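Next come the chains, spelled out residue by residue.
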Amino acid sequence: MKLCVRNLSSDFNDQNLEKLFAEFGTVESASVMLDRKTGLPTGMAFVRMASSAEAEEAIFGLHGFRVMGCDLDVSELKHGPSENPIYANREPERLYSPKSFRREW
C-alpha cells in the first residue's frame, strides 16, 4: 500500500523517511519529493509499505507525530475516479477517452 506523507521538515531525506517507517514494517520504497527548479524538498513524500496492515499501523502511529518540529500528515494514497471525490460525478469514459480532448470539425 502506498502512503502520502505531508508537512515534512526541509531537512528530511529518503534515508530518514525509510528509518521512520521501518518501525512499522517492511518499507518497499521511500522518496521525498524535490522541487524541479530548486532541487529542495517540497515537504511531501511517498512511502510504499509491504502490506496494508503495516501501512495502517504506520498511519495510526505517525499521523500527527511531531518530527523535526513538524506534525506529520500521513494518509493512504488513493488513485482513480472511484476513490477521488473530485471525479465522483463525472462519466468514466470522458475521463480517459482521448476523443474528449479532440476538437470536432
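Rules behind the numbers
Residues numbered from 1 in each chain as written. Predicted model: local features only at pLDDT ≥ 70, side-chain atom pairs only at ≥ 80, totals over all residues. Heavy atoms only, no water. Phe/Tyr/Trp six-rings, centres within 6.5 Å; stacked < 30°, edge-to-face > 60°. Lys NZ or Arg CZ within 6 Å of the ring centre and 35° of its normal. Helix = DSSP H or I, 4+ residues; strand = E, 2+ residues; numbered from the N terminus. Buried < 20%, exposed > 50% of the residue type's maximum accessible area, 1.4 Å probe, protein only. Arc of directions from axis to C-beta. Contact = heavy atoms within 4.5 Å. Polar contact = N/O pair within 3.5 Å; in protein donor to acceptor, adjacent residues only side chain to side chain. Core = buried A, V, L, I, M, F, W, Y, C linked by side-chain atoms within 4.5 Å.

Novice: What's the story with the packing of aromatic side chains in this structure? I'm lost.
Specialist: Think of a pair of aromatic rings as described by two things: how far the centres are apart, and how the planes are tilted against each other in angle. This model, assessed by the stated rule, comprises zero aromatic pairs. Positioned above the aromatic ring of F46 is the side chain of K2, whose terminal nitrogen or guanidinium carbon lies 5.4 Å from the ring centre.

Novice: I tried to follow the environment of K19 on my own but got confused; where do I start?
Specialist: If you trace the backbone, K19 turns up in helix 1 (residues 14-22). Given a relative accessible area of 62%, K19 falls into the exposed group. It is 9.5 Å that separates the C-alpha atoms of K19 and A30, two residues lying eleven residues apart in sequence.

Novice: Help me understand the environment of T26, please; the structure alone is not making it clear to me.
Specialist: Inspection of the secondary structure assignment puts T26 in the loop between helix 1 and strand 2 (27-34). In this structure T26 comes out as partly exposed when scored by relative accessible area, which is 46%. Taking the C-alpha atoms as reference, T26 lies 7.6 Å from E54; in sequence the two are 28 residues apart.

Novice: I'm lost on helix 2 (residues 52-62) in this one. Help?
Specialist: Each α-helix winds once per 3.6 residues, and so residues spaced three or four apart point in a common direction. For helix 2, the full list of buried residues reads E54, A55, A58 and L62. Burial along helix 2 is one-sided: seen end-on, the buried residues are contained in an arc of 100°. Residues of helix 2 that are buried make contact with strand 1 (2-6), helix 1, strand 3 (41-49) and strand 6 (73-76). Where helix 2 terminates, the next one or two residues include G64, which has phi positive at roughly 85°.

Novice: Please clarify how helix 1 should be interpreted in this entry.
Specialist: Every buried residue of helix 1 is accounted for by L17, L20 and F21. One face of helix 1 carries all of its buried residues, which in axial projection span an arc of 90°. In helix 1, the exposed positions that point more than 90 degrees away from the buried face belong to Q15 and K19. Packing partners of the buried residues in helix 1 comprise strand 1, strand 2, strand 3, helix 2, strand 4 (66-67) and strand 6. Where helix 1 begins, the side chain of N13 points an oxygen toward the backbone nitrogen of Q15, at a separation of 3.1 Å.

Novice: Explain unusual backbone geometry here, please?
Specialist: Leave glycine aside and you will find that most residues have negative phi; peptide bonds, for their part, are mostly trans. Positioned with a positive phi, N7 is a non-glycine residue whose angle comes to about 70°. Mapped onto the fold, N7 is located in the loop between strand 1 and helix 1. On the basis of relative accessible area, N7 is assigned to the partly exposed category, the value being 41%. Even without glycine at this site, M68 takes up a positive phi of about 50°. Tracing the sequence through the fold places M68 in the loop between strand 4 and strand 5 (70-71).

Novice: Mind showing me how you'd approach the nonpolar core here?
Specialist: Generally speaking, nonpolar side chains in soluble globular proteins are found buried as a group. Among the nonpolar cores identified, the biggest contains 20 residues, and V5, L8, L17, F21, V47 and M49 are the most heavily contacted of them. Taken together, the elements giving at least two residues each to this core come down to strand 1, helix 1, strand 2, strand 3 and helix 2. Aside from chain neighbours lying at most four places away, what touches V5 is F21, G43, M44, A45, V47, L72, D73 and V74.

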